[in-house]
Structure formats: C-alpha cells, structure tokens
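Here are the chains, one letter per residue:
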Amino acid sequence: MDFKQDFFEQLSGFYQVVTPAGLPQPQWLAWSDEAAALVGNPQPSAQLLQQLAGNRPMDGARYYAQVYSGHQFGGYSPQLGDGRSIILGEAKGAQGCWDVALKGAGPTPFSRHGDGRAVTRSAIREFLVSEALHHLQVPTTRALAVIGSELPVWRETLEKGAITVRLARSHIRFGHFEHCYYAHVGNTERVRQLADFTICQHFPHLSCDASGYRQWFTEVVQATARLIAHWQAIGFAHGVMNTDNMSIVGDSFDFGPFAFLDTYEEDFICNHSDPQGRYAFSQQPGIGLWNLQCLAQALTPLLSSDELLSALQCYQPTLVAHYLHLMGQKMGLAQTGQGAREDDLALIGAFTQMLQQQKLDYSLTLRQFATLDPFAKHSALRDLFVDRAAFDDWLARYRQRLGPVADLGQWQAARQQANPRYILRNYLAQQATEAALAGDLAPLQRLYRALCHPYDMSPEFEEYARRPPQWGEGLIMSCSS
Ligand code: AMP
Ligand code: MG
C-alpha cells in the first residue's frame, strides 16, 4: 500500500504515536478483494499478514492513535481517543484515499483500563457489516480483512483476540470537534484548524471561510440525515450512537452491538447495555439530530447560533425526503417518477404497524413486493399476514395511491433491486464466527459472498433468506467487544 500522511503531518497534537503490540500467530480469517481494490490491490501475502497484525512495520506507514471526546449515552466523556485502534495513514487508491486502521492492535495512550483488543466475534461482525452495508448502498467504512490469533482476551468469558483492518474515508468524528472545543476553551484556532483540514480533505468544493463553514456544516447535517434515513429504511439499528461514533463524512461507523431487524419492532434495542433504549431503532432519527446539536455547540467558534440553527433545520426535511425516496423504491411508490410523497408516510407507517402487530419479518416481508401483483386478489405478500382483513384494507389504500402499473415485470424487477433477500442477521454472524473459531472458514466466506449480492436469488444462499430459528430471533449483543 502506498501511504500519504496528511493527518499525521498537518495535525500534530491531534494524536499520539503508538507502537503496535502485535498479534501472536496471526492468520487470515477474512479478506475482501473489493476493499483491497480501493487501496491499490494489495495481495494477502504472508508479509502483509505480519504487517497488518502489527508484528512488522510497513513501508510508508506511521502508527498513531487519534484523540477525541464524545457524548456517551447523553453524558460528556472528555477524553476518549483511539483506545484500541491504530491508524497507519491514508492509503492511496484510484478513487481517493482511505485511512487504514488496525482495530484491536493493542493498547494506546487512550486505552484507559481497556486492553486495546477486539475479540474475534466482534472483528468478524465489523468486517461483515461494513461490506454488507456497502452492498446495500449505505455509506459506510469498509473492511479489508480480519486477522485472527491465539491471543487470549477476557470479556465475559475467555475469547481470542483479532484485528479488523478498517478502511475509512475519514476517521474524524463529531467527538474530535467536541474535544477541540471543550479541552481548549478559549483557543478557537484548534476547532478552525480541524475544520479546515476536514474541508480540504473531504469537502474540497468548499472554501475555508465563513460561507464555506456554513455550507460545510449544512452538508454534514444533510449527510447524517440521509445516513439515518437509510438505516431506518433497511431496518438497521446501530446500537451505540455516541457522538464519538458519528463520522464527519456521514458514514456508518464503529460497529458494536448493531442489528438488522428480524421481526419488525419499532422500539427494538440491540444493545444489552442500553436498557432504557436511548439508541432503540425508533430513536435513531432523533438521536442523529441530538448528536448534530452537540457538534453545533463545538462549532460555535466558527459560526453564529443563527447559522448553526438554520443548518440544523435541514435535518428533518432531508431525513424525511430520503426515507420517502428509499421506501418509495421498496414499495413501488416511486413508479410515477415523482417519488413517494409526504402523505405516503401514513401509508408506510400503517404497513410497518401491521408488521409489528402481526410479528412479521421486516426484510422478508418487503422482499415480497418483488413478487406482488398489486391488483391481484391473492399474493405471497398477503399470505404472510395472519389478519388478512387488515392487509386487504391496507392494500385498498395502497392500490389507490399506486395507480396503474404499466409494466408489471419491470415494476417487480425494480422492487427486487430495492429489497434485499440476504441481510446480516445476528444469528448468521454468530454461526459463521463459531465455525471460524473451530477452524472452518467456509461458512464465513459463503456468508460474506451472499452479503455482497444481497438482492440476488441463489440456491447456494437459500438458507440465509429465512427467518431466524427461535434461538436466533432478536439476539441482543453486549458492548463488550
Ligand atoms: P466504543 O463503544 O467501541 O465506540 O468505544 C468507546 C471508547 O472506548 C473508544 O475510545 C474506544 O477506543 C475505547 N475502547 C473500547 N474498547 C476498548 C478496549 N478493549 N481497550 C481499550 N479501549 C477500548
Ligand atoms: Mg467508538
């Protein structure tokens, strides 16, 4: 990999240099050719394995941990920082640069009481979800590889340590700005320095002046709104939407106890450590705005309250418009070319409410729009509902809204491209991880391949297109990853 070191060279004082502790007896558990193609196509050689395990230095790489803060579960944590992630620099690729980070590479000055490690279970989950979200067209960090080891790591039980090699357009979080603002009160230069760097690197069409800052923050608000609309549309719960896990470029970032919904449950909580449901599925849109308000506070050295508030006002309309666009594609409401409309929210809401009442699977039910003839009396979609009368009532409303469908085959094909058949259900990740830990990588490779083609229909992946078994339904993960 060919690195440049812009963050390292331009933002000294925003990180600390680290020596990776290394990983004993490393082995490749997963590798993404697609992610590799982003950073100049490195091959998974024995040498690269030792380098990405942190056992041998890599040409052109620096090793550093960034400092940031963040609001965690509503309270401010002044000093967080990369406690278990070491950044190597920005690897050059044909379409831009990607930060390369080794997540789980050992302690850093920001590890506090942590061991700086990640367990295999969570490293594999991060790998799979990054690549799965990408193939669902959701902005996200990517994952190049998972490196397993025999290193014992204590969580609730004894597990094995691993590294996810993460690729990110940027590792700058909302929390970076909060750190500049709160840790250096009175020193507005630091916020400006970080904002200028962010704009130059990631928003190069903007200028570093008052109007540029205003436009930049507006774009951050909009990107965040679109991201969360996308999560809501595909039924993805992040689980830990602390401001230190919010990317400044609007990518899905820092995966822990995330989940895709199985049975539709509006208030689903995927995080064992969140009994109050601050980050429940239904709360994500509101939390996105709350987090942006934290960021806005940190940007007060650059922008007036009026400017910040006016940018924040874009949040809700952007989120709703994007959600309507995506749900319109999923349910066929966009066929007239006008997209879904504001008053479609009620129709969509009535549908998800039926899913909740009748305990139906979110993704698999929507997938049946790909087989639906909206004007036929019977359908595979209708057959999923126990309360057929309720479904027929809803269908009558839906038909009225839909109007005539010119080409049913084309309409159904478009629904197939909008509703995935294979999603990363927690129990699938768990099964693949158990096999990998027992030395069989085939199930992990197969699941990964399926997630790269989420809209296809393939006999090889048929088992993934089912509802989970009872033991795997609504699995809740803990934060201890
Ligand atoms: P997270 O909830 O994973 O986003 O982590 C929040 C903070 O805790 C970040 O600063 C992490 O770097 C840090 N952290 C999480 N797990 C560990 C660990 N095992 N060792 C050291 N730091 C950790
Ligand atoms: Mg984090």
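Scroll up to find the structure.
All figures in this text were calculated on a predicted structure; none of them were measured in a lab.

Caption draft 1: Representation of the site of ligand 1. Looking at ligand 1, there are 17 residues lining it, with Gly81, Gly83, Arg112, Asp115 and Gly116 nearest. Between ligand 1 and Arg155, the relevant distance is 3.4 Å, taken from a nitrogen atom to a side-chain nitrogen or oxygen of the residue. Computed on the free molecule, ligand 1 has an accessible area of 490 Å², of which 79% lies beneath the protein chains in the complex. More than half of the atoms belonging to ligand 1 lie within 2 Å of the grid points that define the largest pocket.

Caption draft 2: Representation of the packing of helix α16 (residues 426–437) against helix α17 (residues 442–451). Orientation of α16 relative to α17, taken along the N-to-C sense of each, is 145°, at an axis distance of 7 Å. Side by side, α16 and α17 meet where Leu428, Ala429, Ala432, Ala435 and Ala436 of the first sit next to Pro443, Leu444 and Leu447 of the second.

Caption draft 3: Just the coordination of the magnesium ion (ligand 2), in detail. Looking at the magnesium ion (ligand 2), one finds its protein donor set to be Asn245 (OD1) and Asp254 (OD), positioned 2.0 to 2.2 Å from the metal centre. Both residues of the pair, Asn245 and Asp254, count as buried.

Caption draft 4: Representation of a negative patch on the surface within the structure. On the surface, Glu265, Glu266, Asp267 and Glu473 cluster together to form a negatively charged patch. In this fold, Glu265 is placed in the loop between β13 (259–260) and α8 (284–298). In this structure Glu265 comes out as partly exposed when scored by relative accessible area, which is 39%.

Caption draft 5: Spatial organisation of the layout of surface pockets. Estimated volume of the largest pocket: approximately 750 Å³. The wall of the largest pocket is formed by 32 residues, among which Gln72, Arg84, Arg112, Asp254 and Ser481 lie closest to the centre. Considering only residue class, the lining of the largest pocket consists of 8 nonpolar, 13 polar and 11 charged. Counting contributing residues, the lining of the largest pocket receives three or more from each of domain 1 (3–168) and domain 2 (190–421 + 465–481). Here the second largest pocket defines a volume of roughly 400 Å³.

Caption draft 6: Here's a closer look at the side chain of His71. Within the secondary structure, His71 is located in strand β5 (residues 70–72). For His71, the side chain forms a polar contact with the side chain of Glu178, separated by 2.5 Å. Apart from the residues within four sequence positions on either side, His71 is in contact with Tyr76, Glu178, Tyr182, Asn242, Thr243, Asp244, Trp290 and Cys294.

Conventions we followed
- Residues numbered from 1 in each chain as written.
- Chains lettered and ligands numbered in written order.
- Predicted model: local features only at pLDDT ≥ 70, side-chain atom pairs only at ≥ 80, totals over all residues.
- Heavy atoms only, no water.
- Near = heavy atom within 4 Å.
- Polar contact = N/O pair within 3.5 Å; in protein donor to acceptor, adjacent residues only side chain to side chain.
- Areas by Shrake-Rupley, 256 points an atom, 1.4 Å probe, with all protein chains shown as cover.
- 1 Å grid on protein atoms, 1.4 Å probe; cavity = no way out; pocket = protein on both sides within 12 Å on 5 of 7 lines; lining within 4 Å.
- Sits in = over half its atoms within 2 Å of the grid points.
- Axes fitted to C-alpha atoms, helices over the stretch in contact; angles between N-to-C directions.
- Helix = DSSP H or I, 4+ residues; strand = E, 2+ residues; numbered from the N terminus.
- Contact = heavy atoms within 4.5 Å.
- Donors = N, O, S within 2.8 Å, 3.2 Å for Na, K, Ca; no water.
- Buried < 20%, exposed > 50% of the residue type's maximum accessible area, 1.4 Å probe, protein only.
- Patch = residues over 30% accessible without salt bridge, like charges linked within 9 Å, V, L, I, M, F, W, Y side chains within 5 Å.
- Salt bridge = Lys/Arg side-chain N within 4 Å of Asp/Glu carboxyl O.
- Lys, Arg positive; Asp, Glu negative; His and termini not counted.
- Charge placed at Lys NZ, Arg CZ, Asp CG, Glu CD.
- Points joined across faces, edges and corners; volume = space filled by probe spheres on them.
- Nonpolar A, V, L, I, M, F, W, Y, C, P; charged D, E, K, R; others polar.
- Domains from an automatic or database assignment.

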